[in-house]
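Commentary on secondary and tertiary structure
Spelled out, the chains give:
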Amino acid sequence: SIVDTWNSNTQAVIGELVTYDLSVKVPQGTTPAAVLTDTFTDALGFVRVVGSPTVDTGVNVSGLANINSPTLTQNGTVAEWQLGDIVNTNTDDQLYGITFRIEAVVLNDRLVPLPIFGPVNRATLAWTNHTLPEVSAAEVRVIEPQVTLNKTVSPTTAQAGDTATFTIVVSGGGTTAHNLSLEDFLPSGVTYVTG
């Protein structure tokens with residue numbers, strides 16, 4: 001959702017939304033008790049289904065009414081849709097089904113080492129007595145800004161009543177750092193001079 005000089009559409013920062021299209025295509029006939037499971041890395045969490053699903057002509061999805069309410073587990077990093085029976089009545093031997101869009105958010109989890117490379121979203125379709133191999137979305141690189149802080153004082157020695165000037169320099173790189181706050185704790189015996 002953020003595309004600028006430092007953050008391309010294949011990179012994401014903490015708090016950014018990442019959009020995925022989920023597409024389930026089935027052969028002619030009935031795919032009974034279909035369950036779609038979407039698994040994110042610990043860096044992403046499911047947010048919502050965006051818009052209305054697109055259902056191909058000749059396809060009926062019995063669990064379509066619940067598409068906006070997946071079951072979430074693992075702190076929102078796993079979303080599961082009970083799609084029910086998917087019936088494809090088309091007779092041309094092509095795969096048809098349903099496609100819908102979801103959004104996930106990059107989580108602010110200090111236990112997840114950044115940057116993360118590679119697939120961060122994997123999906124599996126299962127139905128009665130069957131499971132398809134897991135598929136992965138295109139790579140998204142989860143990045144974070146590199147923020148540095150430096151504080152100096154002039155003069156470096158002072159006596160009671162002297163004025164010392166502290167200079168704080170905040171620098172960043174890598175990508176934009178949003179919603180920063182800075183607190184400065186003065187040493188004991190030093191009083192802040194307004195301005």
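Placed above this text is the structure.
Secondary structure summary: the chain contains zero helices and 14 strands in total. What you see in the chain, going N to C, is helices and strands ordered as β-β-β-β-β-β-β-β-β-β-β-β-β-β. Relative to a compact globule of 195 residues, whose C-alpha radius of gyration would be 16 Å, the chain shows 26 Å and is clearly more extended. Projected onto its principal axes, the C-alpha coordinates of the chain cover approximately 90 × 30 × 25 Å. Looking at the chain as a whole, 30% of its 195 residues qualify as buried. Across the chain, contacts joining residues at least 24 apart in sequence account for 74% of those joining residues at least 6 apart. Carbon and sulfur atoms provide 50% of the accessible area of the chain, an area that totals close to 12,200 Å².

The antiparallel open sheet is built from three strands, whose spatial order is S2-S8-S4. With partners counted over all chains shown, the strands left at the sheet margins are strand S2 (17-26) and strand S4 (44-55), one partner each. In this sheet, neighbouring strand axes are inclined to one another by 25 degrees on average, regardless of whether the strands run parallel or antiparallel. Direction of pairing for S2 relative to strand S8 (residues 96-106): antiparallel, over a ladder of ten bridges. Note that in S8 the partner of Val26 across the bridge is Tyr96.

In this section: a nonpolar patch on the surface. Judged by side-chain polarity, Val147, Leu149, Ile168, Val170, Leu180 and Leu182 come together as a nonpolar surface patch covering roughly 530 Å² of accessible area. Mapped by element, the contributors of at least two residues to the nonpolar patch are strand S13 (146-154) and strand S14 (165-173). You can see Val170 is positioned in strand S14.

Pairing of strand S3 (residues 29-40) with strand S7 (residues 78-88), which is carried by nine bridges, proceeds in the antiparallel orientation. Along S7, the bridge assignment pairs Gly29 with Asn88. Bridge analysis of S3 against strand S9 (residues 121-127) gives six bridges, and the strand direction is antiparallel. Bridge pairing in S9 places Val35 opposite Ala126.

Counting 31 residues, the largest nonpolar core has Leu36, Trp81, Leu83, Phe100 and Ile102 as its most contacted members. Sorting elements by how many residues they give to this core places S8 first, with six residues. Setting aside its immediate chain neighbours within four residues, Ile102 contacts Val18, Thr19, Tyr20, Leu22, Asp38, Phe40, Phe46, Arg48, Val49, Val50 and Trp81.

If you walk through the whole model with that rule in mind, you get three aromatic pairs. Note on Phe46 and Trp81: the rings are 5.8 Å apart at their centroids and 75 degrees apart in plane angle, and the pair reads as edge-to-face. In this pair, Phe46 is assigned in strand S4 and Trp81 in strand S7, connecting sequence segments 35 residues apart. The exposure classification of Phe46 matches that of Trp81, with both residues buried. Here the aromatic residues Phe46, Trp81 and Phe100 are joined through ring pairs into a cluster of three or more.

Now for unusual backbone geometry. Note: most peptide bonds trans; most residues except glycine with negative phi. In the segment running from Ser154 into Pro155, the intervening peptide bond is cis, with an omega of -5 degrees. If you trace the backbone, Pro155 turns up in the loop between S13 and S14. Notably, Gln74 is not glycine yet its phi reads approximately 55 degrees, a positive angle. By the secondary structure assignment, Gln74 is in the loop between strand S6 (71-73) and S7. On the basis of relative accessibility, which here comes to 56%, the residue Gln74 falls in the exposed class. With phi around 65 degrees, Asn129 is a residue other than glycine that occupies positive phi space. Mapped onto the elements, Asn129 comes out in the loop between S9 and strand S10 (130-131).

About the cut-offs
Residues numbered from 1 in each chain as written. Predicted model: local features only at pLDDT ≥ 70, side-chain atom pairs only at ≥ 80, totals over all residues. Heavy atoms only, no water. Helix = DSSP H or I, 4+ residues; strand = E, 2+ residues; numbered from the N terminus. Rg over C-alpha atoms; globule rule 2.2 N^0.38 Å. Buried < 20%, exposed > 50% of the residue type's maximum accessible area, 1.4 Å probe, protein only. Contact = heavy atoms within 4.5 Å. Areas by Shrake-Rupley, 256 points an atom, 1.4 Å probe, with all protein chains shown as cover. Pairing = 2+ DSSP bridges. Axes fitted to C-alpha atoms, helices over the stretch in contact; angles between N-to-C directions. Patch = residues over 30% accessible without salt bridge, like charges linked within 9 Å, V, L, I, M, F, W, Y side chains within 5 Å. Salt bridge = Lys/Arg side-chain N within 4 Å of Asp/Glu carboxyl O. Core = buried A, V, L, I, M, F, W, Y, C linked by side-chain atoms within 4.5 Å. Phe/Tyr/Trp six-rings, centres within 6.5 Å; stacked < 30°, edge-to-face > 60°.

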